[in-house]
Amino acid sequence: MASGKRDPKPGDLIEINRGIYRHWALYLGDGYVLNVTPVDEGAPSLLVSTMSIFTRKAKVKKQLLKEVVENNDWKVNNKYDQFHTPLPVKEIIQHAELYIDMEVPYDVLSKNCEHFVTMLRYGEGVSDQAKIAIGSMLAVGAVAVASTVLVGLLRGKSREKEY
């Protein structure tokens, strides 16, 4: 198991580096985390977000941290504590345990694994990862529109010269 930067405490957010994305879990204690997984439990971890995108639902699982992390790098990352006040640990854990084995809605941009665990910790779902993805999509869309307009203008100018 890859190691984190410090020992997690109940209620901590665990960030797992999966390469192309970050998977998030909530540390429950005694080596266990709560995280959202695809409804098809047989899928490799890399497909977690991809499969959930198509099914639009996920299953909340209580699993050992070492099983969720596999060989990926991970760390405790309560990065939103400076902007949001965490709920009391006892309340976080009690609320989290109500979700074990439940199916929940999943959307990579508005209800992903980071939204889920931050909702448990702060009472509000937050995801920088989703904000970055939305910003990137908007930027790509703006470039596509600008390119189309530019090509249209250039074609219009070239036609004027031909006639």
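None of these values were measured; they are calculated from a predicted model.

Thoughts on the confidence of the model for the chain
In the predicted model, the chain carries a mean pLDDT of 79, and 65% of its residues have values of at least 70. Mean pLDDT across the elements of the chain ranges from a minimum in helix α1 (residues 48-55), with 52, to a maximum in helix α3 (residues 89-98), with 98. Within the model, pLDDT remains below 50 along residues 130-144, and this stretch shows seven contacts once partners closer than five positions in the same chain are excluded.

Some thoughts on the pairing of strand β2 (residues 22-29)
Within β2, seven of the eight residues are buried, leaving the element largely enclosed by the surrounding structure. In terms of strand pairing, strand β1 (residues 13-17) meets β2 through five bridges, oriented antiparallel. By the bridge assignment for β2, Leu13 is matched with Leu26. In sequence, β1 turns back onto β2 through a hairpin of four residues, with Gly19 there showing a positive phi of about 90 degrees. Here β2 pairs with strand β3 (residues 32-38) via three bridges, running antiparallel.

Examining the pattern of salt bridges
On inspection of all chains with the given rule, the structure shows eight salt bridges. Between Arg22 and Glu15 there is a salt bridge whose closest N-O contact spans 3.5 Å. Take Glu15: its relative accessible area is 11%, and that puts it in the buried class. Linking Lys75 and Glu15 is a salt bridge whose minimum nitrogen-to-oxygen distance equals 3.9 Å.

Quick notes on the nonpolar core
In this structure, Leu26, Leu34, Val36, Val60, Phe116 and Leu120 are the most contacted members of the largest nonpolar core, which totals 21 residues. Among the elements that make up this core, the one with the highest residue count is helix α4 (residues 113-122) (five residues). With ten residues, the next largest nonpolar core counts Tyr27, Val68, Trp74 and Val76 among its residues.

Comments concerning the sheet that holds strand β5 (residues 74-76)
Here six strands make up an open sheet; going across it, the order is β5-β1-β2-β3-β4-β6 and the pairing antiparallel. Strands at the two margins of the open sheet, each flanked by one partner only, are β5 and β6 (103-105). Between one strand axis and the next, the sheet turns through 35 degrees on average, direction left out of account. Across three bridges, the pairing between strand β4 (residues 57-64) and β6 is antiparallel. Among the inter-strand pairings, Lys57 is bridged to a residue of β6, identified as Pro105. Sheet contacts for α4: β1, β2, β3 and β4; angle to β2, the most-contacted strand, approximately 35 degrees.

Things to note about the packing of α3 against α4
Where α3 meets α4, the axes come as close as 8 Å, and the angle between the chain directions of the two elements is 135 degrees. Relative to α4, α3 is oriented oblique. The residues of α4 that touch α3, namely those facing Ile92, His95 and Ala96, are Met119, Leu120 and Arg121. When the residues that make up the contact of α3 with α4 are grouped by side-chain class, the tally is four nonpolar, one polar and one charged.

Focus: the environment of Ser110
Relative to the helices and strands, Ser110 is located in the loop between β6 and α4. Sequence separation of Ser110 and Gly125 is 15 residues, and the distance between their C-alpha atoms is 8.5 Å.

Overview of α4
Along α4, nine of the ten residues are buried, which leaves the element largely enclosed by surrounding structure. Regarding α4, the residues found buried are Cys113, Glu114, His115, Phe116, Val117, Thr118, Leu120, Arg121 and Tyr122. Positive backbone phi, at 85 degrees, marks Gly123, one or two positions downstream of α4.

About the cut-offs
Residue numbers restart at each chain and count upward from 1, following the sequence in its written direction. It should be noted that, the model being predicted, local features are given only for residues of pLDDT at least 70 and side-chain atom pairs only at 80 or more, the latter also being counted only at that level, while totals for whole chains, interfaces and linings use all residues. Excluded from the side-chain calculation are hydrogens and water; included are all heavy atoms of the structure. The predictor's confidence in any single residue is recorded as pLDDT, a number from 0 to 100. Strands here mean DSSP runs of E at least two residues long; helices mean DSSP runs of H or I at least four residues long; both are numbered from the N terminus. By definition, residues are in contact when any of their heavy atoms lie within 4.5 Å. Here the term buried applies to any residue with accessible area under 20% of the maximum for its type, exposed to any over 50%, and partly exposed to those in between, with areas from a 1.4 Å probe on protein chains only. Should DSSP find at least two bridges between two strands, the strands are taken to pair. For salt bridges, the criterion is a side-chain nitrogen of Lys or Arg within 4 Å of an Asp or Glu carboxyl oxygen. In this text, buried Ala, Val, Leu, Ile, Met, Phe, Trp, Tyr and Cys residues form a nonpolar core when linked through side-chain atoms within 4.5 Å. Each axis is a line fitted through C-alpha atoms, and for a helix only the stretch in contact is used; angles between axes span 0 to 180 degrees, taken between their N-to-C directions. Roughly parallel refers to an angle under 35 degrees, roughly antiparallel to one over 145, roughly perpendicular to one between 65 and 115, and oblique to any angle outside these ranges. Under the scheme applied here, ten amino acids are nonpolar (Ala, Val, Leu, Ile, Met, Phe, Trp, Tyr, Cys and Pro), four are charged (Asp, Glu, Lys and Arg), and all others, including Gly, are polar.

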